[in-house]
Amino acid sequence: MAHQKILILDFGSQVSQLIARRVREQQVYCEMHPFDVSEQFIRDFKPQGIILSGGPNSVYEAQDWKAPQVVFELGVPVLGICYGMQTMAQQLGGKVESSGKREFGYAEIRARGHSELFKGIQDRSNAEGHGLLDVWMSHGDKVTELPAGFKVIASSESCPIAGMADEVRKFYAVQFHPEVTHTIKGKEMFARFVHEICGCGHDWNMPDYVNEAIEKVRAQVGKEEVILGLSGGVDSSVVAALLHRAIGDQLTCVFVDNGLLRLNEGEQVMQTFARSLGVKVIHVDATEQFMGHLKDVSDPEQKRKIIGREFVEVFQAESAKPERQMAGAGHHLPGCD
Amino acid sequence: MPSPNAKWLAQGTIYPDVIESAGAKTGKAHAIKSHHNVGGLPDTLKLKLLEPLRELFKDEVRELGIALGLPHDMVYRHPFPGPGLGVRILGEVKKEFADLLRRADAIFIDELRAAGWYEKTSQAFAVFLPVKSVGVMGDGRTYEYVVALRAVETQDFMTAHWAELPHSLLGKVSNRIINEVRGINRVVYDISGKPPATIEWE
């Protein structure tokens, strides 16, 4: 199924990933890629909207850290955040300058100009009825001159252009970080951008995704067999459940007890997967082997290496055993130690 | 070669593991991840890699798990390091230490769940310290090992605060561990934040 997608171009902010999570929270599929992907990639991605992330650079120092020009030519909405706002301003003919000092932390901004992005979104209002928002700032540079066609949509005492927009082209930009939880109404702003401004629906959610994921696995694997190292952790557990649903007996799991698991962990894994779901699980107790190799080793990195290496050893040996062929032929081996 | 049947190796790689960030190019802003997925296996086993979760964030993986019918407690379990108790037993790992730690850890988690604190903390566990201290139990003097409890609250695991667990809860956990796990006679609580400390001890 083809989802409506948002493309996030990353300029290296520590919190860029949060943008992707905020978008996904809105049940909209998105992907994050480095800002310097090719123009062709962006066209082929067919984004419904594009978000430019923050980043540690200055637009006037890092000349090559720009959004590919196609971003502004595709005819889709664009949201610039922090550095993303600055590069948008500079690339479209505005001006960015160092503000002399870094602004880091909470700031109160006033929404202006009745923009689509902030309309009806506020934490409180002042005596004149202007909407006020608590946001999180982290920047040294700021936009000092708007590009042609833009208006101010937010301002603060220290940052007169804290937000700008060209509502005809649907280009929006904010100096603060709506993706961090400190910006209280950040979630509403993302909802506004992806749903109202970009026109994305709510077509990304896990209950619906189950079937899509199953179909994908079936298409990829066909009639071939799959092995999976089951660890008791969330990720491998979900993979096991998904693959079992998708390909049933074509899946064999290997659960290695290295003697370093939590209490009853092996038992719980066998209960959930082998007995309740009927997944083929080979349970290997390799405690002695692991303990043997860990004897007299006290350096943490060394221990990690040994545990990783022995896991590979055991996993490899197990998947090579003749019983594996039996398992492949459809014999259940629940809980064989 | 091994595994005459399997053609695929499945792994629980998730989206944050595969996102290529802009910082990576310059070597900036790129934290080195010691990944506990099964590195090296696909090569040695000559298998194709199947990564059905590689588009998903952790919270989506959990939602998918629930949608697939996995038990809530399994899906919302705190993270556990790949090397397991191997990095929660400081210094040399011995089966005897692992057995003590497993029981102490289970008591801690039990009590957190009972008190409604498990969901409020992002990660909680016990750490085995290979040092002995003196104690008194009944009429006798003891000379046994120490267990440290660690519980943190965090949004993203990049920074974390130690959880301000109620003293009564800590007291109960300590009591139970010392009474029920022969070989431990002292329990301490870790009140270090990240940074400067890490969440795990090793």
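Model, not experiment: these values are computed from the prediction.

Along chain B, the regular secondary structure elements total seven helices and six strands. Along chain B, from the amino end to the carboxyl end, the secondary structure elements read β-α-α-α-β-α-α-α-β-β-β-α-β. A fraction of 68% describes how many contacts in chain B between residues 6 or more apart in sequence connect residues 24 or more apart. Total accessible area computed for chain B in this model is approximately 9,700 Å², and 53% of it derives from carbon and sulfur atoms.

What follows deals with the nonpolar core. Within soluble globular proteins, side chains that are nonpolar generally end up buried alongside one another. In this structure, L112, L149, L165, I177 and I184 of chain B are the most contacted members of the largest nonpolar core, which totals 51 residues. Looking at which element gives the most residues to this core, the answer is helix α6 (residues 95-114) of chain B, with nine residues. When sequence neighbours within four positions are dropped, the list of residues in contact with I184 of chain B reads L100, F128, E144, Y145, V147, I177 and I178 of chain B. Among the nonpolar cores identified, the runner-up in size contains 43 residues, and Y29, W204 and C253 of chain A together with M74 of chain B belong to it.

For the rest of this paragraph, the subject is the packing of helix α5 (residues 206-221) of chain A against helix α4 (residues 58-67) of chain B. α4 of chain B packs onto α5 of chain A with a crossing angle of 80° between their chain directions and a minimal axis gap of 9 Å. The angle between α5 of chain A and α4 of chain B falls in the class roughly perpendicular. Of the residues in α4 of chain B, those touching α5 of chain A at M206, P207, Y209 and V210 of chain A are E60, E63, L64 and A67 of chain B. Class assignment for the residues of the contact of α5 of chain A with α4 of chain B results in six nonpolar, no polar and two charged.

An ideal rise of 1.5 Å per residue puts 20 Å on 14 residues; helix α6 (residues 234-247) of chain A measures up with 20 Å between its terminal C-alpha atoms. Backbone geometry just after α6 of chain A places G248 of chain A at a positive phi near 50°.

All names here are of chain A. Spatial strand order, β2-β1-β3-β4-β10-β9-β8-β5-β7-β6: 10 strands in an open sheet with mixed pairing. Here the strands that pair on one side only, and so sit at the sheet edges, are β2 (29-34) and β6 (124-125). Direction of pairing for strand β3 (residues 49-52) relative to strand β4 (residues 78-81): parallel, over a ladder of three bridges. Each bridged residue has a counterpart across the sheet, and for L52 the counterpart in β4 is G80.

Calculation rules
Residues numbered from 1 in each chain as written. Chains lettered and ligands numbered in written order. Predicted model: local features only at pLDDT ≥ 70, side-chain atom pairs only at ≥ 80, totals over all residues. Heavy atoms only, no water. Helix = DSSP H or I, 4+ residues; strand = E, 2+ residues; numbered from the N terminus. Contact = heavy atoms within 4.5 Å. Areas by Shrake-Rupley, 256 points an atom, 1.4 Å probe, with all protein chains shown as cover. Core = buried A, V, L, I, M, F, W, Y, C linked by side-chain atoms within 4.5 Å. Buried < 20%, exposed > 50% of the residue type's maximum accessible area, 1.4 Å probe, protein only. Axes fitted to C-alpha atoms, helices over the stretch in contact; angles between N-to-C directions. Parallel < 35°, antiparallel > 145°, perpendicular 65-115°, else oblique. Nonpolar A, V, L, I, M, F, W, Y, C, P; charged D, E, K, R; others polar. Expected span 1.5 Å × (residues − 1). Pairing = 2+ DSSP bridges.

Take it as geometry only, folks, not as evidence of what the structure does.
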